[in-house]
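Next come the chains, spelled out residue by residue.
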Number of protein chains: 2
Amino acid sequence: MTTHATPRREQILREASRLFAERGFHGVGVDEIGAAVGISGPALYRHFAGKDAMLTELLVGISSRLRDGGRRRVAEAAEAGLPPEAALDSLIGGHIDFALDDRALITLHDRELDRLPEADRKQVRQLQRQYVELWVEVVRRVYPELPEAPARASVHAVFGLLNSTPHLSRPSSLPDRDEMAALLHRLARGALTAAAAGA
Amino acid sequence: MTTHATPRREQILREASRLFAERGFHGVGVDEIGAAVGISGPALYRHFAGKDAMLTELLVGISSRLRDGGRRRVAEAAEAGLPPEAALDSLIGGHIDFALDDRALITLHDRELDRLPEADRKQVRQLQRQYVELWVEVVRRVYPELPEAPARASVHAVFGLLNSTPHLSRPSSLPDRDEMAALLHRLARGALTAAAAGA
DNA sequence: CGGCCAGGTTAACGCTCGCTAACAGCTCGT
DNA sequence: ACGAGCTGTTAGCGAGCGTTAACCTGGCCG
């Protein structure tokens, strides 16, 4: 009954996230997940209570990582005495790293939330809300002329912008990772600046 | 065997799109769709060949409307002798109208494509590609200094930004429709301007 | 050495799903 | 008036799903 991370569990979660992102939670069978890690079907129940539990752990995990990483970045910027612009850039950069390096998880994050049992969904939503509020606070510190409502809507929109990377399936003829990160950063910053300028 | 639009068909498609967006294609049963329009279960097969056919018609319909509407707007701007900026603003405005007024369809559009049978998926992808290329051409006319690869990536990102509205579930404490449309327009324009400025 | 437990196997159950079959009523045009 | 056809009904089939049961095996600890 330990919640500790064994290699097997992590391997299962990795493959499950990939499959869920590719074909949707309901579109993947437990036999498929098992096959992806070299065991078959019901052996998964030695590691997880059920299919739902895998999705729950994935979504809670990613939401926690986003929120905690965001908090850390904002705190570090504050301790270093940096201006709010630096905190915002750090938030943007952290989110971009996540979107580029964990595309499957980002996809699940805003696509399969409704497939969770009610209790777990509440927990994930709370983590997401705290992450959004963190962004809203920093954004409003950078752009004090921007009221709260449009600030929150803008943050959501910027998430949509940054999370758009997984939809780019064809790897060819696209910028490489570093160029893509820089481009997304400029897009996000430009969007927020324009939002504030019009308010 | 007519493909014409009877009221019943349209009603079914409306409810199906709502349900698919809420709980995912695999998460909705045909009995549920039937119940939503007041008939029950297998009666749907008097109007559609099957569940897949409903999703196909929804996705082909929305992709066609987006592409055709976009082409019309670009053509109109050209005929009126307007500068490319006007065509871009018209594209953005049209997409925003769509995102705000047909949230369910926008959600399906970038979420359930993989659930289509291969042949239909090819058709939808072609329509989507043509719509993207339309945007890329206009964007590059407005920002000639922006190379093609980052232009395409930016267009995808702007789609993600504009399509983010459905994720805002709580209607309270958010801008109303017109403010939201104006805000999204500024965000999109600001993002593209910033992308071009950094290139 | 011996027993336990972690982690795997296959078989099978029960449920749900998409879909078909068989039938019924309503509205027409002739 | 009446058969045709469109649109609805209920019953039920066959497949696939998540899950449980029963059993096996190899390594570790006392």
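Residues numbered from 1 in each chain as written. Chains lettered and ligands numbered in written order. Predicted model: local features only at pLDDT ≥ 70, side-chain atom pairs only at ≥ 80, totals over all residues. Heavy atoms only, no water.

Chain A appears in an unreviewed UniProt entry as TetR/AcrR family transcriptional regulator from Streptomyces litchfieldiae.

Explain the overall build of chain A here, please?
Scanning chain A from terminus to terminus reveals eight helices and zero strands. Scanning chain A from its N terminus toward the C terminus, one meets helices and strands in the order α-α-α-α-α-α-α-α. Projected onto its principal axes, the C-alpha coordinates of chain A cover approximately 55 × 40 × 30 Å. Relative to its full complement of 199 residues, chain A shows a buried share of 52%. Taking the intrachain contacts of chain A between residues at least 6 apart in sequence as the baseline, contacts between residues at least 24 apart amount to 71%. Here chain A has roughly 9100 Å² of accessible surface; of this, 52% comes from carbon and sulfur atoms. Chain A carries 26 positive and 27 negative side-chain charges, and their two centres are separated by 3 Å. (Helix = DSSP H or I, 4+ residues; strand = E, 2+ residues; numbered from the N terminus. Buried < 20%, exposed > 50% of the residue type's maximum accessible area, 1.4 Å probe, protein only. Contact = heavy atoms within 4.5 Å. Areas by Shrake-Rupley, 256 points an atom, 1.4 Å probe, with all protein chains shown as cover. Lys, Arg positive; Asp, Glu negative; His and termini not counted. Charge placed at Lys NZ, Arg CZ, Asp CG, Glu CD.)

How do you make sense of the protein's contact with DNA strand D when you look at a structure like this?
Taken together, 15 residues form the shell around DNA strand D, and within it Tyr45 and Lys51 of chain A together with Arg8, Arg46 and His47 of chain B come nearest. Those atoms of DNA strand D that come within 4 Å of the protein belong to sugar or phosphate at a rate of 50%. A distance of 2.3 Å is found between a phosphate oxygen of DNA strand D and a side-chain nitrogen or oxygen belonging to Tyr45 of chain A. Here a base nitrogen of DNA strand D and a side-chain polar atom of Arg46 of chain A are 3.5 Å apart. Considering only residue class, the surface near DNA strand D consists of seven nonpolar, four polar and four charged. (Near = heavy atom within 4 Å. Polar contact = N/O pair within 3.5 Å; in protein donor to acceptor, adjacent residues only side chain to side chain. Nonpolar A, V, L, I, M, F, W, Y, C, P; charged D, E, K, R; others polar.)

What is the right way to read the protein's contact with DNA strand C from this model?
Close contacts around DNA strand C come from 15 residues, with Arg46 and His47 of chain A together with Val30, Tyr45 and Lys51 of chain B the closest. When the atoms of DNA strand C within 4 Å of the protein are sorted by group, sugar and phosphate make up 53%. Within the backbone of Val30 of chain B, one N or O atom sits 2.9 Å away from a phosphate oxygen of DNA strand C. The side chain of Lys51 of chain B places a nitrogen or oxygen atom 2.5 Å from a phosphate oxygen of DNA strand C.

Mind showing me how you'd approach helix α1 (residues 7-23) of chain B here?
Turn by turn, an α-helix covers 3.6 residues, leaving residues three or four places apart pointing in a common direction. Residue and element names in this part refer to chain B. Taking 1.5 Å per residue, 17 residues should reach 24 Å; α1 reaches 24 Å between its end C-alpha atoms and fits that length. Taken together, the buried positions of α1 are occupied by Arg9, Ile12, Leu13, Glu15, Ala16, Ser17, Leu19, Phe20 and Ala21. Packed against the buried residues of α1 are α2 (30-36), α3 (51-79) and α5 (103-109). (Expected span 1.5 Å × (residues − 1).)

Looking at this structure, how should I read the nonpolar core?
If you look at soluble globular proteins, the nonpolar side chains tend to sit buried side by side. Ranked by internal contacts, the top residues of the largest apolar core, which has 132 residues, are Trp135 of chain A together with Trp135 of chain B. Residues contacting Trp135 of chain A, with those up to four places away along its chain left out, are Leu88, Leu91, Ile92, His95, Val155, Val158, Phe159 and Leu162 of chain A. (Core = buried A, V, L, I, M, F, W, Y, C linked by side-chain atoms within 4.5 Å.)

Hey, could you run me through the relation of the copies chain A and chain B in this one?
Superposing the two chain copies requires a rotation about an axis and a translation along that axis. Once chain A is rotated about the relating axis by 180 degrees and shifted along it by 0.0 Å, it coincides with chain B to within an RMSD of 0.1 Å. This pairing of chains is accounted for by a two-fold axis. (Least-squares fit on C-alpha atoms with pLDDT ≥ 70 in both.)

Mind showing me how you'd approach the interface of chain A and chain B here?
Accessible area lost upon the coming together of the parts serves often as the stated size of an interface. Every contact between the two is made by 38 residues of chain A and, on the other side, 38 residues of chain B. Summed over both sides, the interface between chain A and chain B buries roughly 3000 Å², with carbon and sulfur atoms accounting for 62% of that surface. Of all residues in chain A, Arg111, Arg186 and Leu187 of chain A bury the most surface against chain B, accounting for 16% of the area lost on that side. Linking chain A to chain B there are zero salt bridges. Taken together, the links from chain A to chain B amount to four residue pairs in polar contact (both at pLDDT 80 or more). Looking at the side of chain A that touches chain B, the elements with two or more residues in it are α1 (7-23), α7 (148-162) and α8 (177-197) of chain A. Top element by residues in the side of chain A that touches chain B is α8 of chain A. It accounts for ten residues. Residue classes in the side of chain A that touches chain B are distributed as 16 nonpolar, eleven polar and eleven charged. (Buried area = accessible area lost by both parts, 1.4 Å probe. Salt bridge = Lys/Arg side-chain N within 4 Å of Asp/Glu carboxyl O.)

Explanation requested: the pattern of salt bridges in the structure shown.
Once the charged atoms of two side chains with opposite charge are near each other, the side chains can pair. Using the criterion set out here, one finds 34 salt bridges over all chains in the structure. Between Glu32 of chain A and Arg23 of chain A there is a salt bridge whose closest N-O contact spans 1.8 Å. Take Glu32 of chain A: its relative accessible area is 31%, and that puts it in the partly exposed class. Arg23 of chain A sits in the partly exposed class, given a relative accessible area of 33%. When the shortest N-O distance is used, the salt bridge between Asp68 of chain B and Arg67 of chain B registers 2.9 Å. For Asp68 of chain B, a relative accessible area of 38% puts it in the partly exposed group.

In this structure, what is going on with the UniProt feature "DNA-binding region" (unreviewed entry) in chain A? I would like to understand it.
The UniProt feature table records "DNA-binding region" (unreviewed entry) at residues 29-48 of chain A. End-to-end, the C-alpha atoms of residues 29-48 of chain A are 14 Å apart, and along that stretch the chain is 35% helix and 0% strand. (UniProt positions renumbered as here; feature names shortened; annotations may be inferred.)

Which parts of the structure should I look at to understand helix α6 (residues 118-142) of chain B?
All names here are of chain B. Here α6 spans 36 Å end to end across 25 residues, near enough to the 36 Å set by a 1.5 Å rise per residue. Taken residue by residue, α6 has Arg121, Val124, Leu127, Gln128, Tyr131, Val132, Leu134, Trp135, Val136, Val138, Val139 and Val142 as its buried positions. On its buried face, α6 is in contact with α3, α4 (84-101), α5, α7 (148-162) and α8 (177-197).

I keep staring at the packing of aromatic side chains and nothing clicks. Help me out?
All names here are of chain A. Per the counting criterion, the structure on display carries eight aromatic pairs over all chains. Ring geometry for Tyr131 and Trp135: centres 6.2 Å apart, planes at 70 degrees, overall edge-to-face. Placement of the pair is Tyr131 and Trp135 together in helix α6 (residues 118-142), with a separation of four residues, close to one helical turn. Accessibility assignment for this pair places Tyr131 and Trp135 in one class, buried. (Phe/Tyr/Trp six-rings, centres within 6.5 Å; stacked < 30°, edge-to-face > 60°.)

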